[in-house]
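Residues per chain, in single letters:
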Amino acid sequence: MPTSVKLILYGTTFCHLCEQAEAVLQAIGVEAEHIDIAEDDALLEKYGLRIPVVKRENTGAELGWPFDEAAVRKFIL
C-alpha cells in the first residue's frame with residue numbers, strides 16, 4: 001500500500017516497540033522517515049513517553065502506539 005503521504009516515525013535506537021511499529025509499516029508497504037528523538041531535546045520532551053509515534057508531515061496528525069495495519073491504513077487515507 002504505497003502512499004504519497006510523507007510519514008515520520010519518531011523513536012529511538014534499540015526501542016523494541018519502535019521496531020514493532022516499523023514492522024507494521026513494512027507489512028503494508030509504507031515507508032517513513034525515521035527520526036531518533038534522543039538526538040533532540042525538544043523531541044525527547046514531546047515524545048519521550050509516547051514513542052513510537054507516526055506523524056503525517058502534511059497535516060501534523062499523529063498516530064501513537066499501539067497501532068496495527070488497519071489503523072495505519074485508516075491514518076494515511
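Look up: the structure comes first, before these words.
Report follows, based on the coordinates. Computed from a predicted model, the values in this text were never measured in an experiment.

### A word on the overall build of the chain
Right, so step 1: Broken down by element type, the chain carries 3 helices and 4 strands.
Right, so step 2: The linear arrangement of helices and strands in the chain, starting from the amino end, is β-α-β-α-β-β-α.
Right, so step 3: Whereas a compact globule of 77 residues would reach a radius of gyration of roughly 11 Å, the chain reaches 12 Å, a difference of no more than 12%.
Right, so step 4: Along the first, second and third principal axes, the C-alpha set of the chain runs to 35 × 25 × 15 Å.
Right, so step 5: Taking all 77 residues of the chain together, the buried fraction comes to 38%.
Right, so step 6: About 4800 Å² of surface is accessible on the chain, with carbon and sulfur atoms providing 53% of the total.
Right, so step 7: On the chain, the mean spot of the 7 positive side-chain charges and the mean spot of the 13 negative ones are 10 Å from each other.

### Description of the side chain of D36
Right, so step 1: Tracing the backbone through its elements, the reader meets D36 in strand β2 (residues 33-36).
Right, so step 2: For D36, which is buried and forms no salt bridge, the nearest opposite charge comes from R50, at a distance of 15 Å.
Right, so step 3: From its side chain, D36 meets the backbone nitrogen of A38 in a polar contact 2.9 Å long.
Right, so step 4: When neighbours within four sequence positions are excluded, D36 is seen to be in contact with G11, T12 and T13.

The rules we used
Residues numbered from 1 in each chain as written. Predicted model: local features only at pLDDT ≥ 70, side-chain atom pairs only at ≥ 80, totals over all residues. Heavy atoms only, no water. Helix = DSSP H or I, 4+ residues; strand = E, 2+ residues; numbered from the N terminus. Rg over C-alpha atoms; globule rule 2.2 N^0.38 Å. Buried < 20%, exposed > 50% of the residue type's maximum accessible area, 1.4 Å probe, protein only. Areas by Shrake-Rupley, 256 points an atom, 1.4 Å probe, with all protein chains shown as cover. Lys, Arg positive; Asp, Glu negative; His and termini not counted. Charge placed at Lys NZ, Arg CZ, Asp CG, Glu CD. Salt bridge = Lys/Arg side-chain N within 4 Å of Asp/Glu carboxyl O. Polar contact = N/O pair within 3.5 Å; in protein donor to acceptor, adjacent residues only side chain to side chain. Contact = heavy atoms within 4.5 Å.

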